[in-house]
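For reference, the chains in residue letters:
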Amino acid sequence: MAATTFGLFAVLLIAGCVFHLFFYRTWRRNRELNEPFPASWRQLLEDRVPLYRALDTSRKRALERRVQLFLAEKSFYGCDGFEVDEGVRVTIAGHACLLILARPYSDYDEVRSILVYPDAYHATGTESDGYVVSETSEIRAGEASTHGQVVLAWTECEEAASNPDSPHNVILHEFAHQLDYLDGSADGAPPLSGEQARRWQSTMTDAYEHLLNTLEHHDQPWLDPYGATEPAEFFAVLTEAFFQTPASLKASQPAVFGALKDYYRLDPTSLRQQT
Ligand SMILES: [Zn+2]
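Cut-offs and rules
- Residue indices begin from 1 for each chain and proceed along its sequence in written order.
- Restriction of local features to residues with pLDDT of at least 70 applies here, the model being predicted, together with a cutoff of 80 or more for giving and counting side-chain atom pairs; totals for whole chains, interfaces and linings are based on all residues.
- Secondary structure elements are taken from DSSP: a helix is a run of H or I of four residues or more, a strand is a run of E of two residues or more, and numbering for both begins at the N terminus.
- In this scheme the burial state of a residue depends on its C-beta neighbours within 10 Å: 20 or more other such atoms mean buried, 12 or fewer mean exposed, and anything in between means partly exposed; the C-beta positions come from the backbone.
- By the convention adopted here, residues are in contact when the distance between their C-beta atoms, placed from the backbone, does not exceed 7 Å.
- We define the nonpolar core as any set of buried residues of the types Ala, Val, Leu, Ile, Met, Phe, Trp, Tyr and Cys, connected via C-beta atoms lying within 7 Å of each other.
- Here an angle of 0 to 180 degrees is reported between the N-to-C directions of two axes, which are lines fitted to C-alpha atoms, with helices fitted over the stretch in contact.
- Put simply, a crossing is left-handed when the front helix is turned counterclockwise from the back one by less than a right angle, and right-handed when it is turned clockwise.
- Side-chain classes follow a simple rule in which Ala, Val, Leu, Ile, Met, Phe, Trp, Tyr, Cys and Pro form the nonpolar group, Asp, Glu, Lys and Arg form the charged group, and the remainder, Gly included, forms the polar group.
- Being paired, for any two strands, means DSSP has found at least two bridges between them.
- When the strands point away from the viewer, a crossover counts as right-handed if the route from the first strand across the helix to the second turns clockwise.
- When we speak of the arc, we mean the arc of directions from the helix axis to the C-beta atoms.

S.K.: Explain the overall build of the protein here, please?
M.R.: A tally of regular secondary structure across the protein gives 12 helices and 6 strands. Oriented by its inertia axes, the alpha-carbon framework of the protein measures out at about 85 × 55 × 50 Å. A burial count over the protein gives 33% of its 275 residues as buried. Residue pairs at least 24 apart in sequence account for 65% of intrachain contacts in the protein once pairs closer than 6 positions are excluded.

Right, here's the structure in full:
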C-alpha cells in the first residue's frame, strides 16, 4: 500500500514538473491574454508612445498583447523614492515591446526587473587596467545588465516619449542591449544564424569602421558618436535611430537599415506612413 502511494506520488510529481517545464508558461500567458486589454492602458499608449499612434489596428493589437504579458511578468521598482505608477509602467512597456513587435515575445523571457530612478542617477563602480583598480563615478540615464535587469531614469524616458523625431530614446536603447545579451555576450550582435549572421557581421563591421573613420576625420557622423564607443553601443544606438529616425538611417546607410529590418522583421518607415 505504501509502495503504491509512493509510486502515485512520484508519478504526480514528475507530471507536475513536466507541466511546469513545458506548458505552465504557455498556459499562464494564454490565461493572461484572455483578459481584456484595459482601456486606460490603451489611452496611455496613445498618449505616451508616439509610434503606437502610427500603427495600423492589427499592429496595435499585437503591441498590446506584448505589453499585457510584459506588465504581468516583469517587476518594476522605484528607486530614490520614485513612485512607479500605471503611466510609468505602460510607457516603458510600450516602448520596450516595439522592439519585439514582429519578433517572438520570448526574446524578453530573460528580462526580470526594471528599476526606475526619478532622474539621471549617480553610479559608482570599479575598473581595472591590469595593474590598478580605480573607482569610477558617472551620471547615467540608464543601463542594462546581463542578469535581466534594466535601469532607467524617468526624466529621460519622458523626454523620449515626448520627442518622436529625436534620434534618442533611452528605453529602446537599454532594451536593445537585452536583445544583444540573448546569446550570452554583449558584442553588438543579437542571436542570428546562417546567411543572416554572415551578412550582419560584414555589414555591421564595415559600418562601424566607417563611423570610426568619419569621426577620426572630424566629418559629420551619420550616427550619434556614442555608437562608436564599442560594438554593443553601436547596436543600441542604431536601434534608436532605426525606430526614431528610420528615413534618415535608410538614406545614409541602406545596408545597415536592411540588416536591422531583417532582424526586427519590420520597416519603421512604412509603419509611420500609415498615419
Ligand atoms: Zn548602452
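S.K.: Would you mind going over helix α7 (residues 170-180) with me for this structure?
M.R.: Every α-helix carries 3.6 residues per turn, so stepping three or four residues along brings you back to the same face. In terms of burial, α7 is a largely internal element, 11 of the 11 residues being buried. Of all the residues in α7, the buried ones are V170, I171, L172, H173, E174, F175, A176, H177, Q178, L179 and D180. Where the residues of α7 are buried, they touch α5 (86-98), β5 (142-144), β6 (149-153), α6 (154-162) and α9 (231-244).

S.K.: Help me out: how do you make sense of the nonpolar core in this one?
M.R.: In summary, soluble globular proteins display a tendency toward joint burial of nonpolar side chains. Formed by 64 residues in total, the largest nonpolar core has its most connected members in C97, L99, L152, I171 and L238. The dominant element in this core, judged by the number of residues it contributes, is α9, at 8 residues. Residues in contact with L238, not counting those within four places in the same chain, are L223, G227, V256 and L260.

S.K.: Quick question: what am I supposed to make of the packing of helix α8 (residues 194-216) against helix α11 (residues 254-264) here?
M.R.: When two helices pack together, their arrangement is given by the angle between their axes and by how far apart the axes lie. Closest axis-to-axis distance for the α8/α11 pair is 9 Å, and the angle between their directions is 145°. Classified by chirality, the crossing of α11 by α8 is left-handed. For the pair α8 and α11, the contacting residues are Q196, R199, W200, T203, M204 and A207 in the first and A255, V256, A259 and D262 in the second. Its residues assigned to classes, the contact of α8 with α11 shows 6 nonpolar, 2 polar and 2 charged.

S.K.: Even after reading the chapter, I still don't get the pairing of β6, so can you show me in this structure?
M.R.: Regular strands place side chains that alternate from one sheet face to the opposite one. Of all 5 residues in β6, 4 are buried; the element is thus mostly enclosed. Sheet topology places strand β2 (residues 113-117) next to β6; 5 bridges connect them, and they run parallel. If you follow L115 over to β6, its bridge partner there is V151. Where β5 meets β6, 3 bridges bridge the pair, whose relative direction is antiparallel. Across the sheet, A144 pairs through a bridge with V150, a residue of β6.

S.K.: In this structure, what is going on with the environment of E35? I would like to understand it.
M.R.: Inspection of the secondary structure puts E35 in the loop between α1 (2-33) and α2 (39-48). Exposure remark for E35: the 9 C-beta atoms within 10 Å place this residue in the exposed category. Along the primary structure E35 and Q68 are separated by 33 residues, whereas in three dimensions their C-alpha atoms are 9.1 Å apart.

S.K.: Is there a simple way to explain the sheet that holds β6 in this structure?
M.R.: Two pairing modes exist for strands in a sheet, parallel and antiparallel, and in both the strands are linked by backbone hydrogen bonds. Read across the open sheet, the 4 strands follow the order β1-β2-β6-β5; overall the sheet is mixed. Both edges of this open sheet fall to β1 (75-78) and β5, since each of them pairs with a single strand only. Averaged over all pairs of adjacent strands, the angle between their axes in this sheet comes to 15°, without regard to strand direction. Sitting on the sheet, α6 is in contact with β2, β5 and β6, with an inclination near 80° to β6.

S.K.: What exactly am I supposed to notice about the environment of E83 here?
M.R.: Inspection of the secondary structure puts E83 in the loop between β1 and α5. Note on E83: 9 C-beta atoms within 10 Å, which makes it exposed. Note: C-alpha distance between E83 and L63 (20 residues apart in sequence) is 25 Å.

S.K.: Just to check I follow, could you spell out the pairing of β1 for this structure?
M.R.: For β1 and β2, the ladder comprises 4 bridges, and the chain directions are parallel. Each residue of the ladder has a partner; that of F76, found in β2, is I114. Between β1 and its parallel partner β2, the chain crosses via α5, and the hand of that crossover is left-handed.

S.K.: Sorry if this is basic, but what is going on with α2 here?
M.R.: Taken as a whole, α2 has its buried residues at L44, L45 and R48. In a view along the axis of α2, the buried residues occupy a sector of 100°, so they form one face of it. Within α2, the exposed residues directed more than 90 degrees away from the buried face are A39 and Q43. Residues of α2 that are buried in the fold lie against α3 (50-54), α5 and α6.

S.K.: I tried to follow unusual backbone geometry on my own but got confused; where do I start?
M.R.: Glycine aside, negative phi is the norm for most residues, and most peptide bonds take the trans geometry. One non-glycine residue with positive phi stands out, namely D80, at about 55°. Along the polypeptide, D80 turns up in the loop between β1 and α5. Here R265, not a glycine, exhibits a phi torsion of approximately 65°, which is positive. Along the polypeptide, R265 turns up in the loop between α11 and α12 (268-273).

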